[in-house]
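Commentary on secondary and tertiary structure
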Amino acid sequence: MMPVLVQVCAVIVTIAVVTLAVSVIRMASRVSKLTDDAHLWLVQMRQVTGEAQEAVASARSVLKPVQRVVDRFEVLGTRTAALSSVFLDEVEAPVRMAVAVVRGVKAGTALFMERLGSRFKPGRAATDGGVRYE
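A brief structural summary. None of the values given here were measured: they were computed from a predicted structure. (Residues numbered from 1 in each chain as written. Predicted model: local features only at pLDDT ≥ 70, side-chain atom pairs only at ≥ 80, totals over all residues. Heavy atoms only, no water.)

Notes on the overall build of the protein
A count of helices and strands for the protein gives one helix and zero strands. The proportion of buried residues among the 134 residues of the protein is 0%. Per element, the accessible surface of the protein, about 12,500 Å² overall, is 68% carbon and sulfur. (Helix = DSSP H or I, 4+ residues; strand = E, 2+ residues; numbered from the N terminus. Buried < 20%, exposed > 50% of the residue type's maximum accessible area, 1.4 Å probe, protein only. Areas by Shrake-Rupley, 256 points an atom, 1.4 Å probe, with all protein chains shown as cover.)

Spelled out as structure tokens, the structure:
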């Protein structure tokens, strides 16, 4: 009876070893597929990294001329501001004086016309406040 029990144990162990071998083969297949996927992913990452490096190099080559243009605009803006300031300093005082003269003439003319108009109102003598000589 012992040999039957040993035979049954041998069959069970054999089935377990075969099952384990099949599982290991399936696992190896999955690991191989995973490795292939990881390799493909790494290749794609290298391509993306290479494209990013090309983009950065291109941006660097474009950045220098743009920086020169920005520097020129800065100099031009500074010069324009200085020129505008000088121009306003030279023109402001005469313009203010001319505006003041125009306002004064306008106010004087308005007062003169008002007084002149009030002298010739109906019913009022056209004299300078003195005696009327007729």
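A short note on the pattern of salt bridges
If you walk through the whole model with that rule in mind, you get two salt bridges. For the salt bridge of D37 with K33, the shortest nitrogen-to-oxygen distance reads 3.9 Å. You can see D37 and its partner K33 sitting in helix α1 (residues 2-119), four residues apart, about one turn around the helix. You can call D37 partly exposed: its relative accessible area is 41%. Under the relative-accessibility criterion, K33 is labelled exposed at 53%. Where R96 meets E92, a salt bridge forms, and the shortest distance between an N and an O atom there is 3.0 Å. Of this pair, R96 and E92 both sit in helix α1, separated by four residues, roughly a single helical turn. Residue classification places R96 among the exposed positions, given a relative accessible area of 57%. (Salt bridge = Lys/Arg side-chain N within 4 Å of Asp/Glu carboxyl O.)

So far we have only geometry, and geometry alone does not tell us how the molecule works.
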